Amino acid sequence: MTEIKKIGTIKLIICDDLKNTAKHGAKIFAEAIRKKSDLVLGLATGGTPVELYKELIRMNKEGALSFRQVNSFNLDEYLGLAGDHPQSYRYFMNKNLFDHIDIEKSNTHVPDGTSENPDISCKQYEESIKEANGIDLQLLGIGSNGHIAFNEPGSSLTSRTRVVDLKENTINDNARFFSNKSEVPKKAVTMGIGTILEAKKIVLIATGANKKDAVSKSLNGKPNPNIPASFLQNHPDCTFIIDNEAS
Ligand code: F6R
């Protein structure tokens with residue numbers, strides 16, 4: 001059973017389980033791409049979007065959805081990891097989505113984790129988003145500490161794409177993807193909260209009991225930098241799709 005509520009400006013969809021959050025999310029993405037074939041997507045990595053990406057791959061393989069004219073911008077990348085590193089977000093995106101759909105790889109963008117001058121690369125990333133006329137539809141996950149992209153607690157509402165230090169609990173949460181916690185990079189490049197809030201539409205997905213607290217604090221109470229996802233309350237078209245465990 002799916003429950004739909006409105007909390008302030010945010011539309012909240014509560015699904016039974018992870019599979020249904022993915023189905024719901026994929027439907028929103030597919031409908032938007034069918035409406036505008038050259039849609040500009042903002043994409044996320046991590047455990048949460050994998051099922052949604054599987055749904056999009058399925059639709060693409062069945063001929064029900066084409067990404068031929070779609071452009072994409074990923075939220076973030078670990079600093080120091082090249083695109084061919086198995087834990088880099090470029091590698092993740094190729095493996096979990098881009099290699100399996102008809103998107104032009106040259107239309108996919110992930111921040112450069114190995115730039116010699118990361119600050120200049122961050123500015124160029126912002127410029128590329130502007131040149132593409134901004135992000136139409138942004139997918140987000142949420143950290144157990146309330147982060148969005150790698151905007152950790154303390155990030156400002158107006159932050160832009162930049163290099164950030166990862167918090168200890170983010171390093172702990174992400175250690176599951178590495179063979180050893182000491183291998184998790186301590187810094188990353190991330191779109192800012194200001195960058196994310198400029199997307200025309202935002203869909204955040206959260207599943208599992210370890211997201212419950214972050215989701216609740218994001219939806220209830222005033223927007224504040226301690227819970228970066230709470231700043232999404234300032235967006236006019238933001239949907240949270242969560243499962244029962246996260247609600
Ligand atoms: C990833 C990202 C992060 C994740 C968040 C949740 O590109 O921006 O904010 O969305 O850390 O990660 P998972 O889905 O692994 O729980």
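Residues numbered from 1 in each chain as written. Predicted model: local features only at pLDDT ≥ 70, side-chain atom pairs only at ≥ 80, totals over all residues. Heavy atoms only, no water.

## Considerations on the sheet that holds strand 7 (residues 137-140)
The strand order across the open sheet formed by eight strands is 1-2-11-10-7-3-4-6, and the pairing between neighbours is mixed. The two strands at the open ends of the sheet, each matched to only one other strand, are strand 1 (3-7) and strand 6 (108-109). Bridge count between strand 7 and strand 10 (residues 201-206): four bridges; the pairing is parallel. Bridge pairing links Leu137 to Lys201 in strand 10. (Pairing = 2+ DSSP bridges. Helix = DSSP H or I, 4+ residues; strand = E, 2+ residues; numbered from the N terminus.)

## Overview of unusual backbone geometry
Of note in this structure, Asn133 is not a glycine but carries a positive phi near 70 degrees. Following the sequence through the fold, Asn133 ends up in the loop between helix 4 (118-131) and strand 7. Asn133 sits in the exposed class, given a relative accessible area of 64%. Despite not being glycine, Ala149 has its phi angle at roughly 50 degrees, a positive value. For Ala149, the position within the fold is in the loop between strand 7 and strand 8 (162-165). By relative accessible area, which is 8% here, Ala149 ends up buried. (Buried < 20%, exposed > 50% of the residue type's maximum accessible area, 1.4 Å probe, protein only.)

## Considering empty space enclosed by the protein
Throughout the structure, instances matching the rule amount to one cavity of 30 Å³ or more. Taken as a whole, the largest cavity spans an internal volume of roughly 40 Å³. Along the walls of the largest cavity sit Ala44, Thr45, Thr48, Pro49, Leu139, Leu140, Gly141 and Ile205, which together make up its complete lining. For the lining of the largest cavity, the per-class residue count stands at five nonpolar, three polar and no charged. (1 Å grid on protein atoms, 1.4 Å probe; cavity = no way out; pocket = protein on both sides within 12 Å on 5 of 7 lines; lining within 4 Å. Points joined across faces, edges and corners; volume = space filled by probe spheres on them. Nonpolar A, V, L, I, M, F, W, Y, C, P; charged D, E, K, R; others polar.)

## Section: helix 1 (residues 18-35)
Its 18 residues place the ends of helix 1 26 Å apart at the C-alpha level, agreeing with the 26 Å of an ideal helix rising 1.5 Å per residue. Those residues of helix 1 that fall on the buried side of the exposure criterion are Thr21, Ala22, Gly25, Ala26, Ile28, Phe29, Ala30, Ala32 and Ile33. On its buried face, helix 1 is in contact with strand 2 (10-15), strand 3 (40-43), helix 2 (50-61), strand 7, strand 10 and strand 11 (238-243). (Expected span 1.5 Å × (residues − 1). Contact = heavy atoms within 4.5 Å.)

## Quick notes on the layout of surface pockets
One number sums up the size of the largest pocket: a volume of about 450 Å³. Lining the largest pocket are 26 residues, with Thr45, Gly46, Ile142, His147 and Lys211 positioned closest to its centre. By residue number, the principal contributor to the lining of the largest pocket is helix 5 (residues 168-174), which donates three residues. Residue composition of the lining of the largest pocket, by class: ten nonpolar, twelve polar and four charged.

## Things to note about the packing of helix 1 against helix 2
Following both chains from N to C, one finds helix 1 and helix 2 inclined at 50 degrees, their axes separated by 8 Å at the closest point. Between helix 1 and helix 2, the angle is such that the two are oblique. Pair helix 1 / helix 2 crosses with right-handed handedness. Across the interface between the two elements, Leu18, Lys19, Ala22, Lys23, Gly25, Ala26, Phe29, Ala30 and Arg34 from helix 1 touch Glu51, Leu52, Glu55, Leu56 and Met59 from helix 2. Grouping the amino acids of the contact of helix 1 with helix 2 by side-chain chemistry returns eight nonpolar, one polar and five charged. (Axes fitted to C-alpha atoms, helices over the stretch in contact; angles between N-to-C directions. Parallel < 35°, antiparallel > 145°, perpendicular 65-115°, else oblique. Left-handed = near helix turned anticlockwise from the far one by under 90°.)

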